[in-house]
There are 2 protein chains.
Amino acid sequence: MPRRLAAPKQVIKRLPVYLRILDDLVRRGIKVVSSRELSAASGFTAEQIRKDLAHFGAFGTRGTGYNTTFLRDKIIQIIGLDRPTNIIVVGAGHLGKALTRYNAINNPYVNIVGVFDTDPGTVGSRIGSLKILHLLKIPEFVKRYCVRVAIITVPAEAAQQVVNQVTGCGVKAILNFAPAQLQVPEDVHIHNADLTTELQSLIYYATPGK
Amino acid sequence: MPRRLAAPKQVIKRLPVYLRILDDLVRRGIKVVSSRELSAASGFTAEQIRKDLAHFGAFGTRGTGYNTTFLRDKIIQIIGLDRPTNIIVVGAGHLGKALTRYNAINNPYVNIVGVFDTDPGTVGSRIGSLKILHLLKIPEFVKRYCVRVAIITVPAEAAQQVVNQVTGCGVKAILNFAPAQLQVPEDVHIHNADLTTELQSLIYYATPGK
């Protein structure tokens, strides 16, 4: 399987969108989909979609389209969702709690297995079935559950230390919600989901005259 | 002021990052900053920063750098944060609640003024000082408070209808957390902050061998 070929970042970002659409088509019993139909459902052009998928092999039949189940399963493999992915959330404030609860209902392929905080009033309490643990437990936990992805929702001033801690024990991908520019080792991928920054850049477009 | 010049999307996305750094410098009493120092703090190259800022005028002095207060105030004007921006949150589930609370503490320039839901058990209760209102109140509310930005945290199947409703009464920018591809009028800017999609594309990088 050509999974390990380096594909551009933007292609990797679109794969989960295709996956969501294919999941829905399979659920509705639809067996074949054209790139034009994928385009209508995703907002990306049909040509873009064909090029994106061609990075990983030849999945479609000209004039017919893609077999929905086959393509869905291929994308699951390409992303790496065919094996369970264990994720931890560091920071059990409002946002950390919401993300943990949200994930439990909305995400079939991703599994939040641990939530961590330092606040003595928070550590020991539960979010659904998960007990909030102290940050000191992270190294042992990450090793035991082979955690390679962390969501960071701690305050900005604590974020770099948390990043050092989780990357030091094997985490390779971070979704960061702290409003801070963080340094990571070269082999670690970090995505900043800074809500303040996103809101502010949206406001630019909301001002009359744009 | 050359505020209305069209700047590329990517430039607009970086402005709030510069703002955060400048805010911090001003707070620490630092009066001048070089593009090299801004580069170290932001992770963008000094050249990129100079090019970004040059879109809006000549703010720096060669060999000296930028006056921090002056540049901060200019960026505030360029983004449009010099006047209060009223924002609504539609969907008062866990995520909507967390974003509303998070905003109250973390965002000096942005003001969440209303939170909406349809659930009879939720409508009427409070998040901090805000009373959760029914979706039916949106048009009147948006007009009264000149709301032009909405954060959407409703379930996927309700999202398009909410988008139609808010854009129909004047909202021009949307931060969407619903895992759905939404259609907006041409003059509306939408940013999809789909956490499931972001997590899945991160998992690609967390798989051994990447």
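Since we're looking at a predicted model, the values are computed, not measured.

A. Up close: the packing of aromatic side chains. All names here are of chain A. One pass over the full model with this rule turns up 8 aromatic pairs over all chains. Geometrically, the ring pair formed by Tyr18 and Phe44 is edge-to-face, given 6.1 Å between the ring centres and 90 degrees between the ring planes. Remark: Phe44 occurs in the loop between helix 2 (35-42) and helix 3 (46-54) and Tyr18 occurs in helix 1 (residues 9-27); sequence separation between them is 26 residues. Under the relative-accessibility criterion, Tyr18 is labelled buried at 1%. Look at Tyr204 and Tyr205: their rings are 5.1 Å apart centre to centre, the planes differ by 90 degrees, and that puts the pair in the edge-to-face class. For Tyr204, a relative accessible area of 3% corresponds to the buried category. A network of ring pairs unites the aromatic residues Phe116, Phe141 and Tyr145 as a single cluster. Over the ring of Phe44 we find Arg14; its NZ or CZ atom is 5.7 Å from the centre of that ring.

B. Spatial organisation of the pairing of strand 10 (residues 189-192) of chain A. All names here are of chain A. Burial of strand 10 is one-sided: the residues His189 and His191 facing one way are buried, the residues Ile190 and Asn192 facing the other way are not. For strand 9 (residues 173-176) and strand 10, the ladder comprises 4 bridges, and the chain directions are parallel. Each residue of the ladder has a partner; that of Leu175, found in strand 10, is His191.

C. How the structure looks around the relation of the copies chain A and chain B. Least-squares fitting of chain A to chain B yields an RMSD of 0.0 Å, with the superposition described by an axial translation of 0.0 Å and a rotation of 180 degrees. Both copies are brought into coincidence by an operation consistent with a two-fold rotation axis. The rotation axis passes nearest to the C-alpha of Ala98(A) in chain A, at a distance of 3.1 Å. The residues that chain A uses at the interface reappear at the interface of chain B in 100% of cases, marking a shared surface.

D. Just the packing of helix 2 of chain A against helix 3 of chain A, in detail. Residue and element names in this part refer to chain A. Two numbers describe how helix 2 lies on helix 3: the axes approach to 8 Å, and their chain directions differ by 110 degrees. By the angle class used here, helix 2 and helix 3 are roughly perpendicular. Residues Ser35, Arg36, Leu38, Ser39 and Ser42 of helix 2 form the contact with helix 3, whose own contacting residues are Ala46, Ile49 and Arg50. For the contact of helix 2 with helix 3, the class distribution of residues is 3 nonpolar, 3 polar and 2 charged.

E. Just the domain arrangement of chain A, in detail. One can read the domain layout of chain A as domain 1 (2-79) and domain 2 (85-198). Taken over C-alpha atoms, the centre of domain 1 of chain A sits 30 Å from the centre of domain 2 of chain A.

F. Representation of the sheet that holds strand 4 (residues 85-90) of chain B. Taken together, 7 strands build an open sheet; the order of strands is 6-7-5-4-8-9-10 (chain B) and the sheet is mixed. At either end of the open sheet lies a strand with only one pairing partner, and these are strand 6 (126-127) and strand 10 (189-192) of chain B. Here helix 8 (residues 195-206) of chain A sits on the sheet and contacts strand 4, strand 5 (110-117), strand 8 (149-152), strand 9 (173-176) and strand 10 of chain B; the angle it forms with strand 9 of chain B, its principal contact strand, is near 155 degrees.

Definitions and cut-offs
Residues numbered from 1 in each chain as written. Chains lettered and ligands numbered in written order. Predicted model: local features only at pLDDT ≥ 70, side-chain atom pairs only at ≥ 80, totals over all residues. Heavy atoms only, no water. Phe/Tyr/Trp six-rings, centres within 6.5 Å; stacked < 30°, edge-to-face > 60°. Helix = DSSP H or I, 4+ residues; strand = E, 2+ residues; numbered from the N terminus. Buried < 20%, exposed > 50% of the residue type's maximum accessible area, 1.4 Å probe, protein only. Lys NZ or Arg CZ within 6 Å of the ring centre and 35° of its normal. Pairing = 2+ DSSP bridges. Least-squares fit on C-alpha atoms with pLDDT ≥ 70 in both. Contact = heavy atoms within 4.5 Å. Axes fitted to C-alpha atoms, helices over the stretch in contact; angles between N-to-C directions. Parallel < 35°, antiparallel > 145°, perpendicular 65-115°, else oblique. Nonpolar A, V, L, I, M, F, W, Y, C, P; charged D, E, K, R; others polar. Domains from an automatic or database assignment.

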